[in-house]
Amino acid sequence: MANVSSGGWTESGFVLRGINSEGLTPGGLGAPLASFYIDGVQQTVEGTRRGLRGVFDTEQVEVYRGPQLTLTGRAALAGEIYLRTKDPEFESSGAAQLTYGPDDHKQVGLAFGDAINDRVAYRFSGEWSEKDSDLSYPSYEQYDRYDDYVTDDYWVLRGNVLWLPTENDDTRVILSYSRSFDGPTQNDIVGPLWSTGSPGYGARRGDSWGALLPD
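### Description of unusual backbone geometry
Alright, step 1. Notably, Asp39 is not glycine yet its phi reads approximately 50°, a positive angle.
Alright, step 2. The topology assignment puts Asp39 in the loop between β4 (34-38) and β5 (41-42).
Alright, step 3. Overall, Asp39 belongs to the partly exposed group, its relative accessible area being 30%.
Alright, step 4. Phi is positive for Asp57, which is not a glycine, with a value near 60°.
Alright, step 5. Within the secondary structure layout, Asp57 lies in the loop between α1 (45-50) and β6 (58-65).

Take a look at the structure:
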């Protein structure tokens with residue numbers, strides 16, 4: 001999509017028209033300049049970074065580029081992204097997704113729902129993804145959690161309940177609960193002398209800290 005991209009590194013937001021959603025100082029230090037909404041709920045800075053990353057069981061994504069102050073206030077000077085998940089239906093329904101790709105990328109998504117009665121319906125969904133980093137960090141191989149450091153994985157679980165409280169089906173009450181985990185890999189690449197007194201990293205692509213030397 002034109003003029004929409006991810007941030008330049010893991011600890012940053014998304015970019016609309018060249019402006020990072022976390023402001024002029026990405027990393028949680030600035031005032032947000034763009035907002036991310038899921039089912040009408042504004043996400044925090046960390047929720048935007050590490051919340052819902054996949055789009056399985058999504059009904060619609062809307063991207064508004066440019067100021068949206070009239071609708072949602074000063075946290076949307078650069079724009080907004082709205083994501084709406086699938087609502088429960090008054091019939092049996094479901095979906096499944098299986099993905100395998102480069103870097104040993106494995107992804108699974110499952111969703112199902114049904115009616116409890118003629119006024120209440122539910123839908124549950126879950127998504128899990130895991131892949132290896134495309135960068136090498138040889139200096140860290142000696143540590144117990146090395147596999148966590150070089151594995152990019154996330155999962156999300158969601159449950160929605162729809163209630164029609166009146167005979168008018170246009171009046172809808174939706175109760176939604178979700179829980180997610182996100183463990184992105186590091187994606188910074190730095191060269192020799194990236195900091196005063198730092199060792200060079202030679203040809204070890206992606207090894208941000210160079211050789212681990214004693215103090």
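The discussion continues.
### Description of the pairing of strand β9 (residues 105-115)
Alright, step 1. Strand direction decides the pairing type here: strand β8 (residues 93-101) and β9, joined by nine bridges, are antiparallel. Paired with Ala96 across the bridge in β9 is Leu110.
Alright, step 2. Linking two consecutive strands that pair antiparallel, namely β8 and β9, is a turn of three residues; a positive phi of about 60° is found at Asp103 within it.
Alright, step 3. In terms of strand pairing, β9 meets strand β10 (residues 120-132) through ten bridges, oriented antiparallel. Each residue of the ladder has a partner; that of Leu110, found in β10, is Gly126.
Alright, step 4. The turn linking β9 back onto β10 is made up of four residues.

### Remarks on empty space enclosed by the protein
Over the atoms, a rolled probe matching the size of one water molecule traces out where space is still vacant.
Alright, step 1. This structure, assessed with the given rule, holds one cavity of 30 Å³ or more.
Alright, step 2. Reported here for the largest cavity is a volume of approximately 30 Å³.
Alright, step 3. Along the walls of the largest cavity sit Leu52, Phe56, Ser125, Gly126, Glu127, Val156 and Arg158, which together make up its complete lining.
Alright, step 4. Counting only elements with at least two residues in the lining of the largest cavity, the list comes to β10 and β11 (151-163).
Alright, step 5. Ranked by residue count, the leading element in the lining of the largest cavity is β10, at three residues.
Alright, step 6. The residue inventory of the lining of the largest cavity, partitioned by class, reads three nonpolar, two polar and two charged.

### Description of the side chain of Ser125
Alright, step 1. Turning to its location among the elements, Ser125 is positioned in strand β10.
Alright, step 2. Filtering out sequence-adjacent residues up to four positions away, Ser125 remains in contact with Asp57, Leu110, Ala111, Val156, Leu157 and Arg158.

### A few points about the pairing of β4
Alright, step 1. For β4, a buried count of five out of five residues is recorded, marking the element as mostly surrounded by other parts of the structure.
Alright, step 2. In this sheet, strand β7 (residues 79-85) lies alongside β4 in parallel orientation, the contact comprising five bridges. Bridged to Ile38 within β7 is Leu83.
Alright, step 3. Sheet topology note: the β4/β5 ladder contains two bridges and is antiparallel. Residue pairing in the sheet places Ile38 in a bridge with Val41 of β5.

### Digging into the packing of aromatic side chains
Alright, step 1. Applying the stated criterion to the full structure yields six aromatic pairs.
Alright, step 2. Measuring from ring centre to ring centre gives 5.7 Å for Tyr64 and Tyr82, while their planes differ by 80°; the resulting arrangement is edge-to-face. Of this pair, Tyr64 sits in strand β6 while Tyr82 is found in strand β7, placing the two residues 18 residues apart along the sequence.
Alright, step 3. Overall, the relative accessible area of 31% leaves Tyr64 in the partly exposed class.
Alright, step 4. For Tyr82, a relative accessible area of 23% corresponds to the partly exposed category.
Alright, step 5. Aromatic pair Trp155 and Phe181: ring centres 6.3 Å apart, planes at 20°, arrangement stacked.

### Quick look at the pattern of salt bridges
Alright, step 1. Applying the stated rule across the entire model yields nine salt bridges.
Alright, step 2. A salt bridge links Arg53 to Asp182; the shortest N-O distance between them is 2.3 Å. With a gap of 129 residues between them, Arg53 in the loop between α1 and β6 and Asp182 in strand β12 (residues 173-183) connect regions that are remote in the sequence.
Alright, step 3. Here Asp104 ties to Lys106 by a salt bridge, and the two come within 3.0 Å at their closest N and O atoms.
Alright, step 4. By relative accessible area, which is 30% here, Asp104 ends up partly exposed.

Calculation criteria
Residues numbered from 1 in each chain as written. Predicted model: local features only at pLDDT ≥ 70, side-chain atom pairs only at ≥ 80, totals over all residues. Heavy atoms only, no water. Helix = DSSP H or I, 4+ residues; strand = E, 2+ residues; numbered from the N terminus. Buried < 20%, exposed > 50% of the residue type's maximum accessible area, 1.4 Å probe, protein only. Pairing = 2+ DSSP bridges. 1 Å grid on protein atoms, 1.4 Å probe; cavity = no way out; pocket = protein on both sides within 12 Å on 5 of 7 lines; lining within 4 Å. Points joined across faces, edges and corners; volume = space filled by probe spheres on them. Nonpolar A, V, L, I, M, F, W, Y, C, P; charged D, E, K, R; others polar. Contact = heavy atoms within 4.5 Å. Phe/Tyr/Trp six-rings, centres within 6.5 Å; stacked < 30°, edge-to-face > 60°. Salt bridge = Lys/Arg side-chain N within 4 Å of Asp/Glu carboxyl O.

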